[in-house]
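Single-letter residue listing:
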Amino acid sequence: MYPIDRPEFLPLGDSAVVVRLGQEIEPASQRSVRQFMRALEADSVPGLIECVPAFTSVTVFYNALDTSYENLVHHLQRVHQQSVEEISEAPKVVEVPVCYGGAYGPDLAFVAEHNGLSESEVIRIHASAPYLVYMIGFAPGFPYLGGVPPTIATPRRKSPRLSIPPGSVGIAGTQTGVYPISTPGGWQLIGRTPLSLFQPQHNPPTLLNSGDLVQFLPISKAQYERWEVHTPS
Amino acid sequence: MGGAHTVMIRVIRSGLLTSLQDLGRLGYQKYGVIVSGAMDDYAHRVANLLVGNPVEEATLEMTLLGPTLEFQVDALISICGGDLQPRVNGRHVPQWASLMLKKGSILEFASARVGCRAYLAVCGGYDVSAVMGSKSTYLRANIGGFQGRALQDGDYLVCNPTRQRSCVQAAPESISTGWGACDNISHPWSVGWRARTGVAPSAMIRVLPGPEYEAFTELSRTRLFSEAFQVSVQSDRMGYRLVGPVMEYQGHREMISEGVTVGTVQVPSDGNPILLMSDRQTMGGYPRIAQVATVDIATLAQVKPGDAIRFTEVSLLDAQELLRQRARLLRYLAAAIACRDKEGGWTYAPDRFEL
């Protein structure tokens, strides 16, 4: 594990800096990222525009007219020092109800067959343990979830679908995720959630955040349909 | 002049890709929400200055083939950027200048003669809701701008009528006492050629080394700075695909996804660089060989598919100094415009001089 008392600072052009806090995609790196993000958001760094967490790093965007690179890095080093001394909060667990299979999960049968399992075994395994949200990216509210059991890992579809309905839960290799908006994609779709992962008018605009834990909950088709009716869009 | 919800601009023809953009949606990248914004943020800023708007106000970004618009009220506007050949009721009008249009005027753009994108600012700004603090259009997610999309034939754009009215009222009497045979009048001055974007036929782009620069072969790094790259037709607001010498990455392992920004030059496994622009995604998993100096993004925004660009290296300190110089230029322009405004002197004749 990369020593967390020595973050690496890399300029990304003249208006951003990458702060690298780890070397592997693993929960320890995510913890470092989450701690640093929390400390940054609590502090007020001169010239800072926004911070974006990734698997092992945080990219800090700044206004080059308001601060120099050197001053910014010194300030970030100080913030990091303080963040290491903080006690980290327990992550928030978010329950995500999923109606697996049928029309909502057209690839569930393929995933089962590919792994020599029954469909209900795939569902049980997928929903068994919570997944860590490493980061949000690729699309608004799209979570990069780590921790998919290799027993249900399945490669991407040979030909991606042109349009995937929002809320679709998919598997691609050892990754799993939920599509928040309608996009093309090559993931194996195993179910759908009635929850909205991205709502631009809300604050914050996403259901999930970097550092949360996601717990999938199997629900029936009837429950799914009742959910959609009761939840205002 | 009309009530609080006066419809002001009718879109007769929408043009190739016409959308509302401002200085970008900042603060939401950690939610996967991209920045978007005007590709040529310099032309966007100057267009706003020329009509007395704050630089943060939205403008209409017009790409390669511009729209045809009917103004249903008198309007103070400006057009900055590449030359999309604007005409009012068939007659050429000056760009990079303040322009007053009479109610009923038809403003028609054609194809880009030089440059690629132009920006239409209206005094008072466009009356659309901000989403997450910005009026920029996030086209792929249908968020922001005009109904979350590019303009279509038959759309109606509303501007801020109260502010518009006061702009027109503040203009000299010669305007309100009758336009005579003329449909539009302008100040006799415009922004000087050397302070414009979208005028150069070719582009030399200043870059800093990217985080993975050292992990590319020496030959690749030499060729990056000695040879030209062509911007392929598979280029858009998300990024420009470059065709030229292949960049060979020697890194040992697959890169873990990290942040990218506007101007990041990333290299997928085929070795053809992709230069990220305003609608880039928030994360990238490809090695980053170079990073364009922010001051040159506006220049890039005026490069068309098929054009060639070259890269030259610049240091971080120099790149930031260039940003300070540009900020000084914009302050000077704002002051000069305010000064000339006070002097008045709107003219019917093309009796022009430059700031």
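Residues numbered from 1 in each chain as written. Chains lettered and ligands numbered in written order. Predicted model: local features only at pLDDT ≥ 70, side-chain atom pairs only at ≥ 80, totals over all residues. Heavy atoms only, no water.

A. Seen up close, the overall build of chain B. Tallying secondary structure elements over chain B gives 6 helices and 23 strands in all. Looking at chain B residue by residue over its 355 residues, the buried ones come to 59%. Considering only contacts within chain B whose residues lie at least 6 apart along the sequence, 77% involve residues at least 24 apart. When the accessible surface of chain B is summed, it comes to about 14200 Å², and 51% of that surface belongs to carbon and sulfur atoms. (Helix = DSSP H or I, 4+ residues; strand = E, 2+ residues; numbered from the N terminus. Buried < 20%, exposed > 50% of the residue type's maximum accessible area, 1.4 Å probe, protein only. Contact = heavy atoms within 4.5 Å. Areas by Shrake-Rupley, 256 points an atom, 1.4 Å probe, with all protein chains shown as cover.)

B. Summary view of the packing of aromatic side chains. Tallied over the entire structure, the rule returns 13 aromatic pairs over all chains. Seen in terms of ring centroids, A:Phe142 and A:Tyr144 are 5.6 Å apart; in terms of plane orientation they differ by 90 degrees. Their pairing is edge-to-face. Taken as a pair, A:Phe142 and A:Tyr144 share a single burial class, namely buried. On the basis of an interplanar angle of 40 degrees and a centroid distance of 6.1 Å, the ring pair of B:Tyr42 and B:Trp96 is categorised as tilted. Of the two residues, B:Tyr42 is situated in helix H1 (residues 41–50) and B:Trp96 in the loop between strand E7 (91–92) and strand E8 (98–101); the sequence distance between them amounts to 54 residues. (Phe/Tyr/Trp six-rings, centres within 6.5 Å; stacked < 30°, edge-to-face > 60°.)

C. Region of interest: the layout of surface pockets. In this structure, the second largest pocket spans a volume of roughly 960 Å³. Lining the second largest pocket are 39 residues; nearest its centre among them are B:Leu23, B:Asp41, B:Arg45, B:Thr294 and B:Arg326. At the level of secondary structure, the elements contributing two or more residues to the lining of the second largest pocket comprise strand E3 (48–53) and strand E4 (57–62) of chain A together with H1, strand E21 (288–292) and helix H6 (316–343) of chain B. Residue composition of the lining of the second largest pocket, grouped by class: 20 nonpolar, 11 polar and 8 charged. (1 Å grid on protein atoms, 1.4 Å probe; cavity = no way out; pocket = protein on both sides within 12 Å on 5 of 7 lines; lining within 4 Å. Points joined across faces, edges and corners; volume = space filled by probe spheres on them. Nonpolar A, V, L, I, M, F, W, Y, C, P; charged D, E, K, R; others polar.)

D. Local environment of the side chain of A:Ser29. Topologically, A:Ser29 is positioned in helix H1 (residues 27–42). Not counting residues up to four positions away in its chain, the partners in contact with A:Ser29 are A:Gly22, A:Gln23, A:Glu24, A:Phe55 and A:Thr56.

E. Molecular detail of the interface of chain B and chain A. Taken together, the contacts link 38 residues of chain B with 41 residues of chain A. Across the chain B to chain A interface the summed buried area is about 3200 Å²; carbon plus sulfur atoms make up 61%. Note that A:Arg20 and B:Glu212 form a salt bridge whose closest N and O atoms lie 3.8 Å from each other. Summed over the shared surface of chain B and chain A, the result is 11 residue pairs in polar contact (both at pLDDT 80 or more). The set of elements that each furnish at least two residues to the side of chain B that touches chain A consists of strand E17 (258–259), E21 and H6 of chain B. By residue number, the principal contributor to the side of chain B that touches chain A is H6(B), which donates 6 residues. (Buried area = accessible area lost by both parts, 1.4 Å probe. Salt bridge = Lys/Arg side-chain N within 4 Å of Asp/Glu carboxyl O. Polar contact = N/O pair within 3.5 Å; in protein donor to acceptor, adjacent residues only side chain to side chain.)

F. Representation of the pattern of salt bridges. All names here are of chain B. The final tally for this structure, using the stated rule, is 23 salt bridges over all chains. Close ionic contact of Asp279 with Arg237 constitutes a salt bridge, the shortest N to O distance being 3.0 Å. Residue Asp279 is found in the loop between strand E19 (274–276) and strand E20 (283–284), and its partner Arg237 is found in the loop between strand E15 (229–231) and strand E16 (239–243); the two are separated by 42 residues along the sequence. Judged on exposure class, the residue Asp279 and its partner Arg237 are both buried.

G. Region of interest: the environment of A:Tyr179. As for its placement among the helices and strands, A:Tyr179 is situated in the loop between strand E10 (175–178) and strand E11 (183–185). With sequence-adjacent residues up to four places away left out, A:Tyr179 is seen in contact with A:Phe138, A:Phe142, A:Ile164, A:Pro165, A:Pro166, A:Gly167, A:Ser168, A:Pro184, A:Gly185, A:Gly186, A:Trp187 and A:Leu189.

H. Fine view of the confidence of the model for chain A. With 96% of its residues at a pLDDT of at least 70, chain A reaches an overall mean of 90. Taken element by element, the predicted model of chain A shows its lowest mean pLDDT in E11(A) (75) and its highest in E4(A) (98). (pLDDT = per-residue confidence, 0-100.)

I. A look at the sheet that holds strand E1 (residues 8–11) of chain A. Residues and elements named next belong to chain A. Taken together, the 4 strands give an open sheet; going across it, the order is E1-E2-E4-E3, and neighbouring strands pair in antiparallel fashion. Both edges of this open sheet fall to E1 and E3, since each of them pairs with a single strand only. Neighbour-to-neighbour, the strand axes of this sheet turn through a mean angle of 20 degrees, independent of strand direction. Strands strand E2 (16–20), E3 and E4 of the sheet are contacted by H1, whose axis makes an angle of about 25 degrees with E4. This element, helix H2 (residues 69–85), spans E1, E2 and E4 of the sheet and lies at about 155 degrees to E1. (Pairing = 2+ DSSP bridges. Axes fitted to C-alpha atoms, helices over the stretch in contact; angles between N-to-C directions.)

J. Region of interest: helix H4 (residues 119–126) of chain A. All names here are of chain A. When H4 is considered as a whole, its buried residues turn out to be Val122, Ile123, Ile125 and His126. Projected down its long axis, H4 carries its buried residues within an arc of 165 degrees, all on one side. Looking at H4, the residues exposed on the side facing more than 90 degrees away from the buried face are Ser120 and Arg124. (Arc of directions from axis to C-beta.)

K. How the structure looks around unusual backbone geometry. Between A:Asn203 and A:Pro204 the backbone carries a cis peptide bond, its omega angle lying at 0 degrees. Note on placement: A:Pro204 falls in the loop between strand E12 (188–192) and strand E13 (213–218).

L. Region of the structure containing the pairing of strand E2 (residues 17–21) of chain B. All names here are of chain B. For E2, the buried fraction is high: 4 of the 5 residues fall into the buried class. Across 5 bridges, E2 lies against strand E3 (residues 59–63) in antiparallel orientation. Bridged to Leu17 within E3 is Thr63.

M. A look at the confidence of the model for chain B. Residues and elements named next belong to chain B. Model confidence for chain B is summarised by a mean pLDDT of 88, while 85% of its residues fall at 70 or above. Scored below 50 in pLDDT, residues 172–181 makes 16 contacts in the model with residues more than four places away or belonging to other chains. Segment residues 347–353: pLDDT under 50, and 21 contacts once partners within four positions in sequence are set aside and those in other chains are kept. Across the interface, the model reports ipTM at 0.91; the global pTM reads 0.90.

N. Just the nonpolar core, in detail. Membership of the largest hydrophobic core comes to 49 residues, with the highest contact counts inside it found for B:Val46, B:Tyr240, B:Leu275, B:Ile289, B:Leu300, B:Ile309 and B:Phe311. Examining the composition of this core, we find that 6 residues originate from one element, H1(B), more than from any other. Residues within four places of B:Tyr240 in sequence aside, it is in contact with B:Met39, B:Arg117, B:Val231, B:Ser235, B:Pro273, B:Ile274, B:Leu275, B:Met277, B:Leu300, B:Ala301 and B:Val303. The next biggest cluster of nonpolar side chains, apart from the first, holds 32 residues, and it includes A:Ala16, A:Tyr179, A:Ile181 and A:Leu213. (Core = buried A, V, L, I, M, F, W, Y, C linked by side-chain atoms within 4.5 Å.)

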